[in-house]
Amino acid sequence: MAGIIMNTFAGTLDKVKRCDVMLFNVNELLISLSHTLDFAEKEVLRNNTNHGMRVSYISARIAQELGMSDRQMFDLISYALLHDNGVMGSLRKKSVPRQESVSSLEADPTHCIEGEKNLASFPFLAKQEDVILYHHENYDGSGFFGISGSRIPLYSRIIRLADCIAIRYSLGWTIDTVMDSILREARFFDPDLCEAAVKLSRNVEFWLGMDDMFVQNTLVSMLPQVSRELDYRQIRSISQIFSRIIDAKSPFTGSHSRGISEKTGFICQYYEFDEKTYWQMRIAADLHDLGKLAVPNSILDKPGKLTREEYKAIQSHPFYTRKILTMINGFEDITEWASNHHEKLNGSGYPFGLDASQLDFNSRILACVDIYQALTEDRPYRKGMPHSAAMKIMSEMVQHKLIEPSVTEDMNSIFRDL
Ligand SMILES: [Fe+2]
Ligand SMILES: [Fe+2]
Ligand SMILES: [Fe+2]
């Protein structure tokens, strides 16, 4: 299949040259990042059902049956991988009882509204309006927003059907029970899509392809060969979406990633980094706490003292950040900087216990900004510290050989008047 290469961006910073462009498959990037969305289910179900990947796989198979073009398939897979990106926010707002199915996470239109908003800046090949907003609409008009038939975007109709099949399969229903239930509820689904799904369901291969062991592999092998020349600035439009998802997880740190990314931007401009490094640092800042999606809210938001076990769970988050970012080609430096943000120069940090000889300058910048942001941001239970008080604590940390002295000193002048 011939690759389609598109180059649509010409973004520049005021002071610096256009940054490197690399051939990047957005869907491959999303598959790696979608593991983090599955952490929401893990928290509720205590197991991982690969929900995003399964829904993408089933959607793509249905799209193939319909004869969709590569470009349509490419966008559909992106939408399907991200269809429940708004669940993190809903999970925070209401406590979902443990051991309930993923459908309990989805039985709330808030995740459709928040999910649609989050994707406003996503670099789709051809964005379609309201795909995420209406991904729970029923064909007969009995869904959250009462939209029916062909007024529901086609991608939403496909995701709706794939979602139901994936959830029921993940609950351990037999193939026959899954398909009988779909046919019993046929009024909820587009008849043409239902017919395609029934046809697919007759092949045992269709079901084996979504087994936990194979689903990622099968999905990767089905990705249309549509690549785009993306620069790191464009990739940042994706990392920004994930930073919003991370920030939505906890009311205690509601704008932490956004704040760090902004402040990291000021520092990079102060040091006159080239454009490529500037955007790589912004991406690393957006994603530094990605691994927090793997830590249960019951621990992240616990008001009292943490037990040893709970503290260990918190300390695991940069490890998960590293594991996920390592999967992405071209993210080598970003991975390093993002996952070292809790390391200390004297080796007393976590989770790897790296020391000064292993921590490069940009890792040290992110570690300093993380501390400064945490000290100065408002939390529900306390006001953020003023600049001078935060700098006093950071100076003590410098004396204890925990953080980089030169960055701390420069931050003092850069952030004094912010
Ligand atoms: Fe959903
Ligand atoms: Fe879903
Ligand atoms: Fe962190």
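Scope of this entry: the structure provided in the associated data block. Remember, predicted model here, so these are calculated numbers, not experimental data.

## A word on the environment of R157
Residue placement: R157 occurs in helix α7 (residues 154-170). Under the C-beta neighbour-count criterion, R157 is labelled buried, with 25 such atoms within 10 Å. Remark: the alpha-carbon pair of R157 and H135, spanning 22 residues in sequence, is separated by 6.6 Å. Excluding its chain neighbours within four sequence positions, the residues that come into contact with R157 are Y139, I152, D190 and L193.

## Notes on helix α3 (residues 70-81)
If you check α3, its first and last C-alpha atoms are 16 Å apart, about what 12 residues at 1.5 Å a residue would give, namely 16 Å. Three or more residues of α3 are buried, namely M73, F74, D75, L76, I77, S78, Y79, A80 and L81.

## Topic: the environment of R151
With respect to the element layout, R151 can be found in the loop between α6 (110-118) and α7. For R151, a count of 11 C-beta atoms within 10 Å gives the class exposed. Measuring from C-alpha to C-alpha, the distance between R151 and Y134 comes to 9.9 Å, with 17 residues separating the pair along the chain.

## Topic: the packing of helix α13 (residues 256-270) against helix α19 (residues 361-376)
Interhelical geometry of α13 versus α19 gives an angle of 130 degrees and a closest axis separation of 9 Å. The orientation of α13 with respect to α19, classified from their angle, is oblique. Between α13 and α19 lies a crossing of right-handed hand. For the pair α13 and α19, contact is made by H256, G259, I260, K263, T264 and I267 and by I365, L366, V369, D370, Y372 and Q373, respectively. In the contact of α13 with α19, the residues fall into six nonpolar, four polar and two charged.

## Some points on unusual backbone geometry
Across the junction of Y350 and P351, the peptide omega takes the value 0 degrees, indicating a cis bond. Mapped onto the elements of the fold, P351 is located in the loop between α18 (332-339) and α19. Of note, the phi angle at D130 is positive, near 65 degrees, even though the residue is not glycine. Mapping D130 onto the fold places it in the loop between α6 and α7. The phi dihedral of E272 is positive, around 55 degrees, even though this residue is not glycine. Take E272: it is sitting in the loop between α13 and α14 (275-287). By C-beta crowding, E272 is classed as exposed, having 10 other C-beta atoms within 10 Å.

Cut-offs applied
- Residues numbered from 1 in each chain as written.
- Chains lettered and ligands numbered in written order.
- Predicted model: local features only at pLDDT ≥ 70, side-chain atom pairs only at ≥ 80, totals over all residues.
- Helix = DSSP H or I, 4+ residues; strand = E, 2+ residues; numbered from the N terminus.
- Buried ≥ 20, exposed ≤ 12 C-beta atoms within 10 Å, placed from the backbone.
- Contact = placed C-beta atoms within 7 Å.
- Expected span 1.5 Å × (residues − 1).
- Axes fitted to C-alpha atoms, helices over the stretch in contact; angles between N-to-C directions.
- Parallel < 35°, antiparallel > 145°, perpendicular 65-115°, else oblique.
- Left-handed = near helix turned anticlockwise from the far one by under 90°.
- Nonpolar A, V, L, I, M, F, W, Y, C, P; charged D, E, K, R; others polar.

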